[in-house]
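# Summary of the model geometry
So the chains spell out like this:
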Amino acid sequence: MNGAEHYPFTPRPLPYPANALCPWLNTNTVKIHHDSHYAGYIKKLNDTLKNYPQLHHLPIEALLIKQAFLPEAVRTDIRRFAGGAFNHQLYFECLTPAKCSKISPEFEKIICSSFGNVNTMISNLKSAAMSVFGSGYAYLTSDMSGKMQIIILYNQETPVEQRLNPLLPIDVWEHAYYLQYQNHRERYLNSIMKIINWKAVEKNYYS
């Protein structure tokens, strides 16, 4: 993994050039989303943790899981900023230039055991993303038994807090698509499905 995995955190670089997802996500959208919004969460997380050296050794997932043990004065801020950093890192890692990733036959069998077929899974994921009111994510996850499910999370909540394995976040905060698609969320979702890195999603399933 790139970037520091404990305080002080550093943003992970994009795993592809900023223009590599065109035309489905244009360069300006990707750069602002990554360099401003994602990097902003990292900066705010570091600023929040600066005066709490007892937390400096913890990776982001631990900060999310151990919320009950965090200092009450910064608990909410850590949850928001660590969640934003976590969700954005996974989002960018789960994208790839169009036609560069296909679902393997082995992973397709796993998807079918939970959803019946791949098309149903994708349709359900888009429907969940369309139904998010305000800012949040439609998240493909798996539970302890390996069964996949789609959940809706608001703001910067994460599956980690629900003890679910995060596989694929579909970001529907407006900053993820508004520069290119304005209020046409469905057009954005149709495009995003063309650039999913299914190899990364499968890797997340087994991690």
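Refer to the structure presented above.
All of these numbers come straight from a predicted model, not from anything done at the bench.

## Here we look at the nonpolar core
Core analysis: the biggest nonpolar cluster contains 70 residues, and Leu25, Ile170 and Tyr188 have the highest contact counts within it. If you tally residues by element for this core, the top one is helix H3 (residues 72-93), at nine residues. With residues near it in sequence (within four places) discarded, leucine 25 still touches Val30, Tyr91, Leu95, Ala176, Gln180, Tyr181, Tyr188, Ile192 and Ile195.

## Observations concerning the sheet that holds strand E1 (residues 136-142)
Pairing within the open sheet is antiparallel, and its three strands lie in the order E2-E1-E3. Unpaired on one side and paired on the other, strand E2 (148-154) and strand E3 (165-171) mark the two borders of the sheet. On average, each strand axis in the sheet is tilted by 25° relative to the strand beside it, whichever way the strands run. Note that E1 and E3 share six bridges and pair antiparallel. Along E3, the bridge assignment pairs serine 142 with asparagine 165. Packing of H3 onto the sheet brings it into contact with E1 and E3, and relative to E3 it is tilted by some 85°.

## Quick notes on the packing of aromatic side chains
Evaluation of the coordinates by the stated rule reveals seven aromatic pairs. Relative to phenylalanine 92, the ring of tyrosine 91 lies with its centre 5.2 Å away and its plane at 70°, an arrangement referred to as edge-to-face. Judged by its relative accessible area of 5%, phenylalanine 92 falls in the buried class. Taken together, the ring pairs connect Tyr38, Tyr91 and Phe92 into an aromatic cluster. For the cation-ring pair, lysine 194 lies above tryptophan 24, with the distance from its terminal atom to the ring centre recorded as 5.2 Å.

## Quick word on the packing of helix H5 (residues 118-131) against helix H7 (residues 185-192)
Between two packed helices, the angle of one axis relative to the other and the distance separating the axes together describe the packing. In contact at an axis separation of 10 Å, H5 and H7 are set at 150° when each is read in the N-to-C sense. In terms of orientation, H5 and H7 fall into the roughly antiparallel class. The hand of the H5/H7 crossing is right-handed. Taken together, the residues of H7 that come into contact with H5 (itself represented by Lys126, Ala129 and Met130) are Arg185, Glu186, Leu189 and Asn190. For the contact of H5 with H7, the class distribution of residues is three nonpolar, one polar and three charged.

## As for the pairing of E2
Bridge count between E1 and E2: seven bridges; the pairing is antiparallel. Across the sheet, residue alanine 138 finds its bridge partner in E2, namely isoleucine 152. From the end of E1 to the start of E2, which pair antiparallel, there are five residues, and glycine 146 there has a positive phi angle of about 95°.

## Thoughts on helix H1 (residues 27-49)
When the terminal C-alpha atoms of H1 are compared, their 32 Å separation across 23 residues agrees well with the 33 Å that a helix rising 1.5 Å per residue should span. A bend of about 30° at alanine 39 is the largest found in H1. Every buried residue belonging to H1 is among Thr29, Val30, His33, His34, Tyr38, Tyr41, Ile42, Leu45, Asn46, Thr48 and Leu49, and all of these are buried. Residues of H1 that are buried make contact with helix H2 (60-65), H3, E3 and helix H6 (178-181).

## Structural notes on H7
For H7, the complete set of buried residues consists of Arg185, Tyr188, Leu189, Ser191 and Ile192. Along the axis of H7, the buried residues cluster in a sector spanning 160°; they form a single face.

## Some words on the pattern of salt bridges
Counted according to the given criterion, the structure contains five salt bridges. One salt bridge in this structure joins aspartate 35 and lysine 31, with 3.5 Å as the shortest N-O distance. One end of the pair is aspartate 35 and the other is lysine 31, both in helix H1 and four residues apart, which spans about a single turn. Here aspartate 47 makes a salt bridge to lysine 43, at a shortest N to O gap of 2.9 Å. One end of the pair is aspartate 47 and the other is lysine 43, both in helix H1 and four residues apart, which spans about a single turn. By relative accessible area, which is 53% here, lysine 43 ends up exposed. One salt-bridge network, held together by shared partners, links Glu5, Arg12 and Glu93.

Criteria and thresholds
- Starting afresh in each chain, residues are numbered from 1 along the sequence in its written order.
- Reporting of local features is limited, given that this is a predicted model, to residues whose pLDDT is at least 70; pairs of side-chain atoms are given and counted only at 80 or more, and all residues count toward the totals for whole chains, interfaces and linings.
- Where side-chain values are given, they derive from all heavy atoms of the structure, hydrogens and water being excluded.
- Within this scheme, the nonpolar core is defined by two criteria: the residues are buried Ala, Val, Leu, Ile, Met, Phe, Trp, Tyr or Cys, and they are joined through side-chain atoms within 4.5 Å.
- Relative accessibility decides the category of a residue: with a 1.4 Å probe and only protein chains considered, values under 20% of the type maximum give buried, values over 50% give exposed, and everything between is partly exposed.
- Helix and strand assignments come from DSSP, with helices taken as H or I runs of at least 4 residues and strands as E runs of at least 2, each series counted from the N terminus.
- What makes two residues a contact is simply this: any of their non-hydrogen atoms within 4.5 Å.
- Strands are treated as partners if at least two bridges between them are detected by DSSP.
- To define axes, lines are fitted to C-alpha atoms, for helices over the stretch in contact only, and angles between the resulting N-to-C directions are given on a 0 to 180 degree scale.
- Centre distance within 6.5 Å is the pairing criterion for rings of Phe, Tyr and Trp, where only the six-membered ring of Trp is used; planes under 30 degrees apart are then read as stacked, over 60 as edge-to-face, and the remainder as tilted.
- Any Lys NZ or Arg CZ that is within 6 Å of a ring centre and within 35 degrees of that ring's normal is treated as a charge sitting over the ring.
- Note on terminology: angles under 35 degrees are roughly parallel, angles over 145 are roughly antiparallel, angles of 65 to 115 are roughly perpendicular, and the others are oblique.
- Less than a right angle of anticlockwise turn of the near helix away from the far helix marks a crossing as left-handed, whereas a clockwise turn marks it as right-handed.
- Three categories are distinguished: nonpolar for Ala, Val, Leu, Ile, Met, Phe, Trp, Tyr, Cys and Pro, charged for Asp, Glu, Lys and Arg, and polar for the others, with Gly belonging to the last.
- By this rule the span expected of a helix is its residue count minus one, scaled by 1.5 Å.
- At any given residue, the bend is defined as the angle formed between two axes, one fitted to the seven residues that end at that position and one fitted to the seven that begin there.
- The arc under discussion is defined with respect to the helix axis, by the directions toward the C-beta atoms.
- Salt bridges are defined by distance alone: a side-chain nitrogen of Lys or Arg within 4 Å of a carboxyl oxygen of Asp or Glu.

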